[in-house]
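# Notes for the structure review
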Amino acid sequence: MRIQKGYGLEAATVLRSMIKAGAEAFVVVMNNPAGKPLLSPDTQHLAERLDAAGEAVGILLADVVVIGARDSGCISLRAEGIVGATEWVVRG
């Protein structure tokens, strides 16, 4: 699923797509318009809503990654302890 520039990302839209796809988990990757991989309050709030919504329907939010401009790196909200699984279950 790709959200075009200028459009807001809503938890319901993302989860609806994940349910239709039969997903068990998902990762959200977004860029920071300022070109720096920084965590904004809006991004953190969206990530927390996605995490809660995914949990409510049984779909794991594995991570939210914010990328910056070329060569500026990224930040993982899972690595920061904000969202995502604390343990993984591999089904065989």
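The coordinates are above.
One structure accompanies this document, and this report is about it. Along each chain, residues carry numbers from 1 onward, in the same order as the chain's sequence is written. Under the rules for a predicted model, residues below a pLDDT of 70 receive no local features and side-chain atom pairs below 80 are neither given nor counted, while totals for whole chains, interfaces and linings still include all residues. As a convention, hydrogens and water are excluded, and side-chain values are obtained from all of the structure's heavy atoms.

Moving on, we come to the pairing of strand β2 (residues 60-67). Whether a residue is buried, partly exposed or exposed follows from its accessible area with a 1.4 Å probe, protein chains only, as a fraction of its type maximum: under 20%, in between, or over 50%, in that order. Secondary structure follows DSSP: runs of H or I at least 4 residues long count as helices, runs of E at least 2 residues long count as strands, and numbering of each begins at the N terminus. The buried fraction of β2 is high, at six of eight residues. Note: strand β1 (residues 25-31) against β2, seven bridges, orientation parallel. Each residue of the ladder has a partner; that of A25, found in β2, is L60. By definition, two strands form a pair when at least two bridges between them are found by DSSP. Bridge count for β2 against strand β3 (residues 74-76) is three bridges, and the pairing is antiparallel. For V65, the partnering residue across the bridge sits in β3 and is S76. If you look at the hairpin formed by β2 and β3, you'll find six residues sitting between the two strands, and D71 has a positive phi there, around 65°.

Let us look at helix α2 (residues 41-57). For α2, built from 17 residues, the straight-helix expectation of 24 Å at 1.5 Å per residue is met to within 8% by its first-to-last C-alpha distance of 25 Å. For α2, every residue scored as buried is listed here: T43, L46, A47, L50 and G54. Down the axis of α2, the sector holding all buried residues measures 100°, keeping them to one side. Set apart from the buried face of α2 by more than 90 degrees, the exposed residues are P41, E55 and A56. Backbone geometry just downstream of α2 places G58 in the positive-phi region, at approximately 80°. By definition here, a helix of n residues has an expected span of 1.5 Å times n minus one. Directions are taken from the helix axis to each C-beta atom, and the arc is the one they span.

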